[in-house]
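# Structural description and commentary
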Amino acid sequence: MTRYSISQPVNAVEAPRLLTGKGRFTDDIALPRQAHAVFLRSPHAHADITRIDTEAALAMPGILAVLTGEDYAADGLGNMPGVAPPKRRGGVPGYRPPRPALAGDRVRHVGQAIAVVIGESINQAKDAVEAIEVDFDPLAIHLDAVTGTDPETPLLWEGCEKNEAFFVEKGDGAATEAALAAAPHVVGDSFPVSRVTANAMEPRAVVASYDPGADHFTIYACQQRPFIWRTMMTKHIFGIPENQMTMIAGDVGGSFGMKGGLYPEVPVVAWAAKKVGRPVKWNCERSEGHIADDQARDVTVEAELGFDDEGNFLAVRYNAAANVGAFLSMSGFGTPNGIAGALCGTYAMPVIHGRSSAVLTNTCPMANYRGPSGTPGTYILERLIDMAAREIGMDPTEIRRRNYIPVDAMPYDVPNGKAYDCGEFEAVMDKCLAQADYAGAAKRKEEAQARGKLYGVGVSSSVDPSGSPAPESIELRFDPGGSVTVMAASTAGGQSHATIYTQIVSDVLGVEAEDIRVVEGDTSKVSWGSGTGAARTATICGSTVFKAAEKTLEKGRRIAAHLLEANGEEVAFDDGNYRVPGTNRSISFTEVAQAAFKPSMVPPGEEIGLYETATWTPKAPNIPNTFHVCEVEIEPETGTAEIVRYNVVYDVGVELNPTLVRGQTQGGIAQGLGQALMEKMVYDPESGQVLTGSFMDYCMPRAADFCHMEFDSHPVPTDTNPLGVKGAGEGGTVGSLAAVMNAVNDALAPLGIRNLAMPATPQRIWRAVKAAQARQPK
């Protein structure tokens, strides 16, 4: 038997099950008489639908139903719902375009669902989709957020002036303008942050059934927020009570925010199951996902940083144009909403001004992808800082050191309206610089140059506020034999939630790990919760598990006191046992849990059984922070950039499991590196077609693209939650995009290249190098 503790680097308890193919993902669900769904999707970025003929498709073998937007409307189903967006200019409510789950008379992006075919087999359904006849009248398109608000750009929606869904402004515009005007130095540029897609290992999938006797839907779907999805569908689409629908997430093969919002396919598959009287399954294929999944980033920022001769920051300003696609996703406002405030980082920035315009275009909607505002915001700020350091001839680490928020200033109110509770940013940097042998980087650069290579060193310092207030409920449900099930509303997307929950319960109660089971993401078994996202599970769900365990411990103490014939305040607990100090009387927690189910052993007035629930939310986010040092070597003849050294030090407060924290950080770095060097969703500017529709065209990083990484931590516990934990899920991505791009630009700087934009592909680097060489005097 095994006892775990908080902060122990134990292996993931889920690992044996998942690594031996015994996980239970949505595609593993196979219900009796299950049929299959295939969607017909728009080949046009913008067009009126003038005719749909489904007669031939419906007559094909094995076809149970062909459903269109007309059928959807006829059954009285509601539009796709979502969180209210921020306001537009002048205080006008933000614009959420009406979005039926199946298009009616017009499509607005390539990949928008028009119809769904339900077949006995997936191949029969695919054949029938090709038999549907649709006539389109193509319309003008626009894809660019920067020009999307121009007066001559056609409106995507009649009710949305200038195609602007909402507008966010933070900071002090007048003070920032004055500070920049008076600043001895101002650096600035345009920073396009490329559009990417998550490409989770498990594509999206839905399996739904309908019980007519109980008038109840059961929906299996890989996702992050089962209770929120259930509320959205029952209240806004189906118009039924929430207890007539069960959402089950099961194992989720990655998400990173992409599976956070409710998609049209989910209610359509459930509706189809009711229509045909059979369970229905839909699996998104990879190329289908490239035109149907919510995408990410795609923001262009005009940014400026003012500073004095000593490198002291005076002001920073962002003006952002964010492409949010043809529709607003359920809650995917992280980039356009947050980028206006992501101007402070780890620095004592005197004044800031951020403006962000969310622009509707003929592209896929946007999701909150790993560090949705922190990643692009940090990239831009850290690029500006490197440019500032180069202008005044100062080392990039020294200019950061001069501007860090000091430890004795904590808690600190930053000028974007937020607050930092704690952080030792300079100490994190110094630890990383020593680990990276930053002092030896100049020699490594000289050695590379002697070999004809370009060598660059990039650093980044970042914060990513995590665990924003949102309540979670946890139940610890014990059995008469003494084993316990942890019931949580979080979803298992590869973060090893079951491991950290097991560690907390085992640590607090002294229960053997083998006697702890975790159930996540099933609305029929868990009371309620906000779900998974934004690096919140360890901080909020973990803290709620801790509180439920403490409540359980106290009930156990009362029962133990009764059994040990002592007063409750006399009973101590240690190492899984209740004891009466000064005596030899003791009883294990497991024995107490078993006794709780025996009426004769429970004290008068105490409820029989042992099942405690806790609900908790923090009052403020926590502030994890990281420092990254990346070193790249570029072959100028091919433009190939190779990551040769990578170091990172992070502060995520108390680490519930250091092994898992390192894994989360390493995975995050990989995603940041992918966006920096190769990933980009590309649309044809004339037709709106997705040109990167498969892995043949959309470049994903592989193991060979990475070097060995060195990790260390500098934990500064936070007071925002009882465990002292900070979010660990996003710091790798938030810091790595900036560090890699700073390294690439440092390598290119001797050629006079000031600010190469992402992705730094071999072709883009090679062209920049050749253009720079052509400008040099012969």
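Attention in this report is confined to the structure presented alongside it. (Residues numbered from 1 in each chain as written. Predicted model: local features only at pLDDT ≥ 70, side-chain atom pairs only at ≥ 80, totals over all residues. Heavy atoms only, no water.)

Our focus in this paragraph is the overall build of the chain. Each helix and strand in the chain was counted, giving 20 helices and 28 strands. Here the C-alpha coordinates of the chain stretch approximately 95 × 75 × 50 Å along the principal axes. Considering the chain as a whole, with its 778 residues, one finds that 61% of them fall into the buried category. Long-range pairs, those at least 24 residues apart, make up 79% of the contacts in the chain with a sequence separation of at least 6. Of the roughly 29300 Å² of accessible surface on the chain, 51% is carried by carbon and sulfur atoms. Distance between charge centres in the chain, computed from 68 positive and 94 negative side chains, equals 1 Å. (Helix = DSSP H or I, 4+ residues; strand = E, 2+ residues; numbered from the N terminus. Buried < 20%, exposed > 50% of the residue type's maximum accessible area, 1.4 Å probe, protein only. Contact = heavy atoms within 4.5 Å. Areas by Shrake-Rupley, 256 points an atom, 1.4 Å probe, with all protein chains shown as cover. Lys, Arg positive; Asp, Glu negative; His and termini not counted. Charge placed at Lys NZ, Arg CZ, Asp CG, Glu CD.)

Now for the sheet that holds strand 27 (residues 640-651). Sheet architecture is open: four strands sit in the order 18-26-27-28, paired in mixed fashion. The sheet is open, and its two edges are formed by strand 18 (454-463) and strand 28 (709-713), each paired on a single side. Neighbour to neighbour, the strand axes of the sheet diverge by 15° on average, direction disregarded. Taken together, the ten bridges between strand 18 and strand 26 (residues 625-635) define a ladder with antiparallel strand orientation. Residue pairing across strands places V463 opposite N625, the latter belonging to strand 26. Packing of helix 19 (residues 731-748) onto the sheet brings it into contact with strand 18, strand 26 and strand 27, and relative to strand 18 it is tilted by some 150°. (Pairing = 2+ DSSP bridges. Axes fitted to C-alpha atoms, helices over the stretch in contact; angles between N-to-C directions.)

For the rest of this paragraph, the subject is the packing of aromatic side chains. To describe a pair of aromatic rings, one takes the distance between the centres and the angle between the planes. One pass over the full model with this rule turns up 15 aromatic pairs. Over the face of the ring belonging to F167 we find R89, whose NZ or CZ atom lies 3.9 Å from the ring centre. Over the face of the ring belonging to W157 we find R108, whose NZ or CZ atom lies 3.4 Å from the ring centre. (Phe/Tyr/Trp six-rings, centres within 6.5 Å; stacked < 30°, edge-to-face > 60°. Lys NZ or Arg CZ within 6 Å of the ring centre and 35° of its normal.)

Now for empty space enclosed by the protein. Evaluated as defined, the whole model comprises six cavities of 30 Å³ or more. The space that makes up the largest cavity amounts to roughly 100 Å³. Surrounding the largest cavity, 13 residues form its lining, R41, R99, Q112, A113 and P264 being those nearest its centre. Each residue belonging to the lining of the largest cavity can be placed in one class, and the counts come to six nonpolar, three polar and four charged. The volume enclosed by the second largest cavity comes to roughly 60 Å³. In terms of residue class, the lining of the second largest cavity is built from four nonpolar, four polar and three charged. (1 Å grid on protein atoms, 1.4 Å probe; cavity = no way out; pocket = protein on both sides within 12 Å on 5 of 7 lines; lining within 4 Å. Points joined across faces, edges and corners; volume = space filled by probe spheres on them. Nonpolar A, V, L, I, M, F, W, Y, C, P; charged D, E, K, R; others polar.)

The next thing to look at is the sheet that holds strand 2 (residues 47-53). Read from one edge to the other, the open sheet built from three strands follows the order 4-2-6, with strand pairing classed as antiparallel. With partners counted over all chains shown, the strands left at the sheet margins are strand 4 (106-107) and strand 6 (133-138), one partner each. Relative to strand 4, strand 2 runs antiparallel, the two sharing two bridges. Across the sheet, the residue bridging to A47 is V107, located in strand 4.

We now examine the nonpolar core. Core analysis: the largest hydrophobic core is formed by 89 residues, its most contacted members being L305, Y318, I380, Y646 and V744. With nine residues, helix 19 is the single largest residue contributor to this core. In this structure, L305 is in contact with L180, H185, V186, V187, F313, A315, V316, M349, L384, I385 and A388, ignoring residues within four places of it in sequence. (Core = buried A, V, L, I, M, F, W, Y, C linked by side-chain atoms within 4.5 Å.)

Empty space within the second largest pocket amounts to approximately 500 Å³. Elements with a minimum of two residues in the lining of the second largest pocket: helix 11 (374-391), helix 14 (441-450), strand 18 and helix 19. Among the elements that take part in the lining of the second largest pocket, helix 11 stands out by supplying six residues, more than any other. Of the residues assigned to the lining of the second largest pocket, the class counts are 13 nonpolar, four polar and eight charged.

Next up on the list: the pattern of salt bridges. Within this structure, the stated rule accounts for 44 salt bridges. For R317, the salt bridge identified is with E177, shortest N-O distance 2.6 Å. Separated by 140 residues along the polypeptide, R317 in strand 14 (residues 313-325) and E177 in helix 6 (residues 173-182) bring together distant segments of the chain. Residue class for R317 comes out buried when judged on its relative accessible area of 15%. We classify E177 as partly exposed; its relative accessible area is 41%. Linking K259 and E202 is a salt bridge whose minimum nitrogen-to-oxygen distance equals 3.2 Å. With K259 in the loop between strand 11 (245-248) and helix 8 (265-276) and E202 in the loop between strand 8 (185-196) and strand 9 (205-211), the pair connects residues that are 57 residues apart, well separated along the chain. This pair shows no difference in class: K259 is buried, exactly as E202 is. The network of salt bridges with shared partners includes R41, R204, E265, E288 and D293. (Salt bridge = Lys/Arg side-chain N within 4 Å of Asp/Glu carboxyl O.)

Below, the discussion takes up the side chain of T26. Take T26: it is sitting in the loop between helix 1 (15-19) and strand 1 (35-41). Relative accessible area serves as the criterion here: at 1%, T26 is assigned to the buried category. In this structure the side chain of T26 is engaged in a polar contact, spanning 3.1 Å, whose partner is the backbone nitrogen of C222. In this view, T26 contacts E202, A205, V206, V207, Y220, A221, C222, A249, D251 and K281; residues no more than four positions away in its chain are not counted. (Polar contact = N/O pair within 3.5 Å; in protein donor to acceptor, adjacent residues only side chain to side chain.)

This part is about the side chain of D293. Mapping D293 onto the fold places it in the loop between helix 9 (286-292) and strand 13 (296-307). Looking at D293, its side chain comes within polar contact range of the side chain of R204, at 2.7 Å. Every residue in contact with D293, bar those within four places of it in the chain, is listed here: T197, R204, M258, Y263, C284, C364 and P365.

Further remarks concern the packing of helix 18 (residues 658-677) against helix 19. In the contact formed by helix 18 and helix 19, the axes pass within 7 Å of each other and the chain directions differ by 40°. If you check the angle between helix 18 and helix 19, you find them oblique. Both helix 18 and helix 19 take part in a crossing whose hand is right-handed. Packed against helix 18, whose contacting residues are T665, G668, I669, Q671, G672, L673, Q675, A676 and L677, the element helix 19 presents G732, T733, S736, L737, V740, M741 and V744 at the interface. Per-class residue counts for the contact of helix 18 with helix 19 are eight nonpolar, eight polar and no charged. (Parallel < 35°, antiparallel > 145°, perpendicular 65-115°, else oblique. Left-handed = near helix turned anticlockwise from the far one by under 90°.)

In this section: the environment of D298. Following the sequence through the fold, D298 ends up in strand 13. On a C-alpha basis, the gap between D298 and G325 in space is 9.6 Å, while along the polypeptide they are 27 residues apart. Not counting residues up to four positions away in its chain, the partners in contact with D298 are V193, S194, R195, A321, A322, N323 and M366.

Below, the discussion takes up unusual backbone geometry. Residue P411 follows M410 across a cis peptide bond; omega there is -5°. When you line up the elements, P411 lands in the loop between helix 12 (396-401) and strand 16 (412-413). Look at the link from M758 to P759: it is a cis peptide, with omega at -10°. Mapped onto the elements, P759 comes out in the loop between helix 19 and helix 20 (762-775). Here N163, not a glycine, exhibits a phi torsion of approximately 65°, which is positive. Relative to the elements of secondary structure, N163 occurs in the loop between helix 5 (145-148) and strand 7 (164-171).

Okay, the pairing of strand 9 next. Across the seven residues that make up strand 9, a large majority, six, are buried. One ladder, built from four bridges, connects strand 9 with strand 12 (residues 280-283); its direction is antiparallel. Along strand 12, the bridge assignment pairs V206 with W282. In terms of strand pairing, strand 9 meets strand 10 (residues 216-221) through six bridges, oriented antiparallel. Residue pairing for strand 10: V206 is matched across the bridge by A221. Taken together, strand 9 and the strand that follows it, strand 10, pair antiparallel across an intervening segment of four residues, in which D215 is found at a positive phi of about 50°.

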